[in-house]
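Read off the chains here:
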Amino acid sequence: MTNPIPLHSRHKSVLPDWLALYYDRPIELTHGEGRHVWDADGNRYLDFFGGILTTMTAHALPEVTKAVSEQAGRIIHSSTLYLNRPMVELAERVAALSGIPDARVFFTTSGTEANDTALLLATTYRRSNQILAMRNSYHGRSFSTVSITGNRGWSPTSLSPLQTHYVHGAVRTRGPFAHLGDGEFTAAAVADLEDVLGQTRGGVAALIAEPIQGVGGFTSPPDGLYGAFREVLDRHGILWISDEVQTGWGRTGEHFWGWQAHAQNGPPDILTFAKGIGNGMSIGGVVARAELMNCIDSNSISTFGGSPVTMAAGAANLAYLLEHDLQGNARRVGGLLLERLRAIAATVPAVREVRGRGLMAGLELTKPGTDQADPEGAAAVLEAARAGGLLVGKGGGYNTSVLRIAPPLSLTVAEAEEGAEILEQALHQVHGVQ
Ligand SMILES: Cc1ncc(COP(=O)(O)O)c(C=O)c1O
């Protein structure tokens, strides 16, 4: 007999209060196909959030489903104590794609754990627990990663194993340098970095940064800023960790990795990834040159990291992405979508800014006639879009007033147009038309 209590009530009774759900009437998604998902009541939605940028290629992609079921039929688990062909094969591909010379790859089960590993490597290598992180950042939910998360809404404790110094520069259109041109903005952020370093005692281990901040509301610095930071970091021997959990695998269209918009002084020392590579199977990982990866002088394992089923899924997913040039699709369709969103925004004064790159677009909403964040307005548009058959996300350091759009990278032009139309109606419904 099925339980008669509504699932939402059961959720609230047994799961933590801080496990936030979208929507007044939360949705139970039961299946998906391509860029669409269905809820338990049979409603169909165009999915413009991909389970937080994680359904990277498509829902129910036959190639991934086949790889998972074939591998599950052979062996589901063996652990890192035994040779694991799917893990070695995916590591070879990721190492070659990473842009990091003499690369070694360590697989984890999440982005949090990938960043935690990057912090372990950097602090061990540099013999320092000091980290530079960006304001408005998000790097995960563990004890170490909340302490490098500059977004109060996602950082529940000030206790920390690390000493973190926050740096300006990741939010282009707010903050003390927002009025400056790109070159001056970068120079001011570099001067701020130098100033912060001047205030530190002893060496700093690393700077960690998301090339485009995800949870922070798809904010980014001018291109080249992290490359300019690199010059300063190099003078001090400080490592650069690029958190590519949201920006990896071609999502930004122009680049395969977000760091490539900042590449004038070479690749980062450490790169972390997760989300899209597994298309929903739990894969995270760290890439670093051998000297850095091997600086740990005790044993380490990950019981589930690199498990054969997830690795088979990742390999099939990555092969599909590369063979179908989904990075190119993100550039083309994402470019059209951004253009369309900018045209819509021109008719809705509450949209302060449309920003992003490839299939990673953010619409920041403000209270009409002000520059103040409008979280209620963003929540209302999210609801209205859902009612119209479109799922989008929310984010932003300024009280989650940014609508986040990040569909699977196989999005078609017709789907982009359909989603933009639903969003336009939702915005007009909530905010009226100019
Ligand atoms: C940039 C970034 N880093 C790290 C994480 C943490 O990843 P996970 O939720 O897989 O632990 C996230 C998750 O949203 C993220 O956006």
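Structure: see above.
Being a predicted model, the structure only gives us computed values, none of them experimental.

**A word on the overall build of the chain**
In step 1: If you tally the helices and strands in the chain, you get 12 helices and 15 strands.
In step 2: On C-alpha atoms alone, the chain measures out to a radius of gyration of 21 Å, which is about the 22 Å that the 2.2 N^0.38 rule sets for 434 residues.
In step 3: When its C-alpha atoms are laid out on the principal axes, the chain stretches across 60 × 55 × 45 Å.
In step 4: Across the chain, contacts joining residues at least 24 apart in sequence account for 73% of those joining residues at least 6 apart.
In step 5: For the chain, the accessible area works out to roughly 18900 Å², and carbon and sulfur atoms hold 52% of it.
In step 6: The centroid of the 34 positive side-chain charges in the chain is displaced by 3 Å from the centroid of its 43 negative side-chain charges.

**A closer look at the site of the ligand**
In step 1: Around the ligand sit Ser110, Gly111, Thr112, Asn115, Tyr138, His139, Gly140, Glu210, Asp243, Val245, Gln246 and Lys275, and that is every residue in its neighbourhood.
In step 2: At 2.8 Å, a backbone N or O of glycine 111 approaches an oxygen atom of the ligand.
In step 3: Between a nitrogen atom of the ligand and a side-chain N or O atom of aspartate 243, the distance comes to 2.7 Å.
In step 4: Coverage of the ligand by the protein amounts to 85% of the 390 Å² it exposes when considered alone.
In step 5: Looking at the shell around the ligand, its residues break down into two nonpolar, seven polar and three charged.

**Side note on the layout of surface pockets**
In step 1: Roughly 630 Å³ of internal volume is contained in the second largest pocket.
In step 2: Lining the second largest pocket are 22 residues, with Val105, Phe106, Phe107, Met293 and Ser300 positioned closest to its centre.
In step 3: Among the residues making up the lining of the second largest pocket, the classes are represented as 13 nonpolar, six polar and three charged.

**Some words on the packing of aromatic side chains**
In step 1: Scanning all chains against the criterion turns up 10 aromatic pairs.
In step 2: Where tryptophan 249 meets phenylalanine 273, the ring centres are 5.5 Å apart and the plane angle is 80°; that geometry is what we call edge-to-face. In this pair, tryptophan 249 is assigned in the loop between β8 (239-243) and β9 (270-273) and phenylalanine 273 in strand β9, connecting sequence segments 24 residues apart.
In step 3: The exposure class assigned to phenylalanine 273 is buried, which follows from its relative accessible area of 0%.
In step 4: Where phenylalanine 256 meets tryptophan 257, the ring centres are 5.2 Å apart and the plane angle is 90°; that geometry is what we call edge-to-face.
In step 5: According to the relative accessible area criterion, tryptophan 257 is buried, its value standing at 0%.
In step 6: Cluster of aromatic residues (ring-pair linked, three or more members): Phe107, Trp249, Phe256, Trp257 and Phe273.
In step 7: Over the aromatic face of tyrosine 23 sits the side chain of arginine 386, whose NZ or CZ is 5.1 Å from the ring centroid.

**Some details on the pairing of β8**
In step 1: Burial analysis of β8 places five of its five residues in the buried class, the great majority of the element.
In step 2: Regarding the hand of the β-α-β motif, the stretch spanning strand β7 (residues 206-209), helix α7 (residues 225-236) and β8 is right-handed.
In step 3: Both β8 and β9 contribute to a ladder of three bridges, which runs parallel. Its bridge partner lying in β9, serine 242 is registered against leucine 271.

**A closer look at the pattern of salt bridges**
In step 1: Inspection of the entire model under this criterion finds 18 salt bridges.
In step 2: Across the pair arginine 230 and aspartate 234 runs a salt bridge whose closest N-O atoms are separated by 3.2 Å. Placement of both arginine 230 and aspartate 234 in helix α7 is noted, with a separation of four residues, approximately one turn of the helix.
In step 3: Since its relative accessible area comes to 8%, arginine 230 is described here as buried.

**Some remarks on the nonpolar core**
Nonpolar side chains in soluble globular proteins tend to be buried together.
In step 1: Counting residues in each nonpolar core, the largest one holds 93 residues, and the members touching the most others are Leu132, Phe229, Trp249, Phe273 and Leu423.
In step 2: It is helix α10 (residues 326-345) that provides the largest number of residues to this core, a total of eight residues.
In step 3: Setting aside its immediate chain neighbours within four residues, tryptophan 249 contacts Met56, Val94, Phe256, Trp257, Phe273, Ala274, Ile277, Leu318, Leu321 and Leu409.
In step 4: Counting residues in hydrophobic clusters, the runner-up holds 20 residues, among them Leu162, Ile208, Ile270 and Met293.

**Comments concerning a nonpolar patch on the surface**
In step 1: Together, Val14, Leu15, Trp18 and Leu19 give the surface a local cluster of nonpolar side chains, amounting to about 460 Å² of exposed area.
In step 2: Turning to its location among the elements, valine 14 is positioned in helix α1 (residues 7-14).
In step 3: Given a relative accessible area of 64%, valine 14 falls into the exposed group.

**What about the sheet that holds strand β1 (residues 29-33)?**
Sheets are built from strands paired through backbone hydrogen bonds, the pairs being either parallel or antiparallel.
In step 1: The strand order across the open sheet formed by four strands is β1-β2-β3-β13, and the pairing between neighbours is mixed. In this open sheet, the two edge strands, each paired with only one partner strand, are β1 and β13 (390-391).
In step 2: Strand direction decides the pairing type here: β1 and strand β2 (residues 36-39), joined by four bridges, are antiparallel. When the bridges of β2 are listed, glycine 32 appears paired with valine 37.

**Describing helix α4 (residues 85-98)**
In step 1: If you check α4, its first and last C-alpha atoms are 20 Å apart, about what 14 residues at 1.5 Å a residue would give, namely 20 Å.
In step 2: Residues of α4 that are buried: Pro86, Met87, Leu90, Ala91, Val94, Ala95 and Ser98. All buried residues of α4 fall inside an arc of 155° around its axis, so they share one side. Every exposed residue of α4 that faces more than 90 degrees away from the buried side is listed here: Arg85, Glu92 and Ala96.
In step 3: If you follow the buried residues of α4, they end up packed against α3 (62-74), β4 (103-108), β9, β10 (284-289) and α9 (308-323).
In step 4: Where α4 begins, the side chain of asparagine 84 points an oxygen toward the backbone nitrogen of methionine 87, at a separation of 3.1 Å.
In step 5: Downstream of α4 by a residue or two, glycine 99 has a phi angle that is positive, lying close to 85°.

Criteria and cut-off values
- Residues numbered from 1 in each chain as written.
- Predicted model: local features only at pLDDT ≥ 70, side-chain atom pairs only at ≥ 80, totals over all residues.
- Heavy atoms only, no water.
- Helix = DSSP H or I, 4+ residues; strand = E, 2+ residues; numbered from the N terminus.
- Rg over C-alpha atoms; globule rule 2.2 N^0.38 Å.
- Contact = heavy atoms within 4.5 Å.
- Areas by Shrake-Rupley, 256 points an atom, 1.4 Å probe, with all protein chains shown as cover.
- Lys, Arg positive; Asp, Glu negative; His and termini not counted.
- Charge placed at Lys NZ, Arg CZ, Asp CG, Glu CD.
- Near = heavy atom within 4 Å.
- Polar contact = N/O pair within 3.5 Å; in protein donor to acceptor, adjacent residues only side chain to side chain.
- Nonpolar A, V, L, I, M, F, W, Y, C, P; charged D, E, K, R; others polar.
- 1 Å grid on protein atoms, 1.4 Å probe; cavity = no way out; pocket = protein on both sides within 12 Å on 5 of 7 lines; lining within 4 Å.
- Points joined across faces, edges and corners; volume = space filled by probe spheres on them.
- Phe/Tyr/Trp six-rings, centres within 6.5 Å; stacked < 30°, edge-to-face > 60°.
- Buried < 20%, exposed > 50% of the residue type's maximum accessible area, 1.4 Å probe, protein only.
- Lys NZ or Arg CZ within 6 Å of the ring centre and 35° of its normal.
- Right-handed = clockwise from strand over helix to strand, strands pointing away.
- Pairing = 2+ DSSP bridges.
- Salt bridge = Lys/Arg side-chain N within 4 Å of Asp/Glu carboxyl O.
- Core = buried A, V, L, I, M, F, W, Y, C linked by side-chain atoms within 4.5 Å.
- Patch = residues over 30% accessible without salt bridge, like charges linked within 9 Å, V, L, I, M, F, W, Y side chains within 5 Å.
- Expected span 1.5 Å × (residues − 1).
- Arc of directions from axis to C-beta.

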